[in-house]
Amino acid sequence: MPDVISLGSINVDRIHHVSADVLKGLTSAHAWFPDQGETIIHDVESLPSSIPTPPDMVQYGGKGANQAIAATKAGAQTTLLGVVGSDAESTDVCEHLSEFGVNIDNVRSAAMPTGTADIFIDPDGDNRIIVRPGANKKVDIDYIDTHFETIIESNCLLIQNEIPPDPVTHLLDRLAASDNSPTVLFDPAPAGGADKLLHPGAIDYVTPNETEYTALKPALSEYDGVLIRKAGGDDVIVEIPDYLTLSPPRIIPDESESDIPDQIHVTTDPEDETQTEGRIPDSTRLSITPPAVETVDTTGAGDVLSGYLAARLPVEKSLLQAVEKAIIAGSLSTQHAGAQNGIPALSTVQEFQSNNRH
């Protein structure tokens, strides 16, 4: 069982199902309102009165928490590092995470509200997210240093961009200088300021969605690790520089080991013109079409992919097999409302593969 650390946000999600007309009005009224698929940080005590309230439902979320649950469901022993508030909601948040089997022993409490995320879901199930950080702002360098030994002993570390960047940069500096650091997966959401965390030599995998990839394209062109991005048409593009030493070592499984579902289509073309501009030409490119599912809510699908990937990389025989499970899990999660409600168990993903194997 691999050890995974998720360092990131812990939020209470406020879900708003809104019409296309309401979204159009919000976008017109507020220049800062997020685009489709975008997450922004809006550090205010309350949202403007023009924002629809109350929400349709209140659930649990936060990219750090979501990815921790996903990694746990994918078979990892997962520890969550982050900060919750001293309000009554925070107790429920921790109890909720513990029920999923996430280790919350090192989650700290601060004398301020737990972070919140207002999630606006359109009729097609796509989302726009406004995060108010709350207690997430209290993740600091001292907290990082206190738990550095726990981090360094893990197999994989998950980081996001919903906590302050300075302590994360400090951590990446320490990891880059270490002789034995975990595999680091970076989900660059929100995209604002995420380019500063693309630390050379410390981050092994970056997993942007299409909106984040577009915003970060200049920085990603200089990034020298594995890039896993959702591209136009909902394909997932994986770019692997050939000089990298990967774990697992193989990119594609042997034919005798292949259990690729019929709904997953893989092409390999290192010369494809859609390869990220500026990245070195000596690389392998995979284009993977996820399985088609009836989408209810895309919130947290990227978190499910990241969490699953962190859990499966240490145990699968090839990178593709780990990515396959992560993509399937992310797709299956969109069939349910809420970031955490639809995260599938590993057995569900394996059953899907078995039923759709060619």
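Described below are features of the structure shown in this document. Here the residue index of a chain counts from 1 through its sequence in written order. Only residues with pLDDT of at least 70 are given local features in this predicted model, and only at 80 or more are side-chain atom pairs given and counted; all residues enter the totals for whole chains, interfaces and linings. Each side-chain value is derived from all of the structure's non-hydrogen atoms; neither hydrogens nor water enter the calculation.

Let's talk about the side chain of T79
Inspection of the secondary structure assignment puts T79 in strand β5 (residues 77–81). For T79, the contacting residues outside a window of four places in its chain are V4, I5, S6, N103 and N106. Under the DSSP-based scheme used, a helix requires at least four consecutive residues in state H or I and a strand at least two consecutive residues in state E, with every element numbered from the N terminus. Whether two residues touch is decided by their heavy atoms; if any such pair falls within 4.5 Å, the residues are in contact.

Some words on the packing of helix α8 (residues 301–312) against helix α9 (residues 319–333)
Angles shown run from 0 to 180 degrees and are taken between the N-to-C directions of axes, each axis being a line fitted to C-alpha atoms and, for helices, limited to the stretch in contact. Put simply, α8 and α9 touch, their axes get as near as 8 Å, and they point 150° apart. Classified by the interaxial angle, the pair formed by α8 and α9 is roughly antiparallel. The chirality of how α8 crosses α9 is right-handed. Seen from α8, the contacting residues are A301, V304, L305, Y308, L309 and R312; seen from α9, they are A322, V323, K325, A326, I327, A329, G330 and S333. In terms of residue class, the contact of α8 with α9 is made up of 10 nonpolar, 2 polar and 2 charged. An angle counts as roughly parallel when it lies under 35 degrees, as roughly antiparallel when it exceeds 145, as roughly perpendicular when it falls between 65 and 115, and as oblique in every other case. Helix crossings get a hand from a simple test, with the near helix turned counterclockwise from the far one by less than a right angle marking a left-handed crossing and a clockwise turn marking a right-handed one. Each residue receives one of three labels: charged for Asp, Glu, Lys and Arg, nonpolar for Ala, Val, Leu, Ile, Met, Phe, Trp, Tyr, Cys and Pro, and polar for the others, Gly being one of them.

What to know about the pattern of salt bridges
Note on definitions: salt bridges are taken to be side-chain nitrogens of Lys or Arg within 4 Å of carboxyl oxygens of Asp or Glu. With the rule as written, the count across this model stands at 10 salt bridges. Note that K63 is salt-bridged to D303, the shortest N-O span being 2.5 Å. Within this pair, whereas K63 is found in helix α2 (residues 63–73), its partner D303 is found in helix α8, the two being separated by 240 residues in sequence. Of the two residues, K63 and D303, neither departs from the other in class, the shared state being buried. The residue E316 makes a salt bridge to R312 at a minimum N-O spacing of 3.0 Å. No difference in accessibility class separates E316 from R312, as the two residues are buried. Buried, partly exposed and exposed residues are distinguished by accessible area as a fraction of the type maximum, computed with a 1.4 Å probe on protein chains only: under 20%, between the cut-offs, and over 50%, respectively.

Regarding the sheet that holds strand β3 (residues 39–41)
Two strands qualify as a pair provided that DSSP identifies no fewer than 2 bridges between them. Pairing is mixed across the open sheet formed by 5 strands, whose spatial order is β3-β9-β8-β2-β4. Looking at strand neighbours, the two that pair on one side only are β3 and β4 (57–61), the edges of this open sheet. Direction aside, the axes of adjacent strands within the sheet are offset by 25° on average. Pairing analysis gives 5 bridges linking strand β2 (residues 11–17) to β4, with the strands arranged antiparallel. From the neighbouring strand, N11 faces β4, where its bridge partner is G61.

Considering α2
With 10 of 11 residues buried, α2 lies mostly within the body of the structure. If you check which residues of α2 are buried, you get K63, G64, A65, N66, Q67, A68, I69, A70, A71 and T72. In the segment just after α2, G75 is the residue with positive phi, at about 105°.

Looking at the layout of surface pockets
Quantified by volume, the largest pocket comes out at close to 1,100 Å³. What lines the largest pocket is a set of 49 residues, among which N209, K230, T298, A301 and G302 lie closest to the centre. Among the elements that line the lining of the largest pocket, the one with the most residues is α8, at 5 residues. Considering only residue class, the lining of the largest pocket consists of 17 nonpolar, 20 polar and 12 charged. Note on definitions: the grid is 1 Å and covers protein atoms alone; a cavity is a set of points where a 1.4 Å probe fits but cannot get out; a pocket is an open set with protein on both sides within 12 Å along at least five of seven lines; lining residues have an atom within 4 Å of a point. Grid points are joined across faces, edges and corners, and a volume is the space filled by probe spheres set on the points. Quantified by volume, the second largest pocket comes out at close to 310 Å³. The wall of the second largest pocket is formed by 16 residues, among which I203, D204, L244, T245 and L246 lie closest to the centre. For the lining of the second largest pocket, a count of residues per class yields 8 nonpolar, 6 polar and 2 charged.

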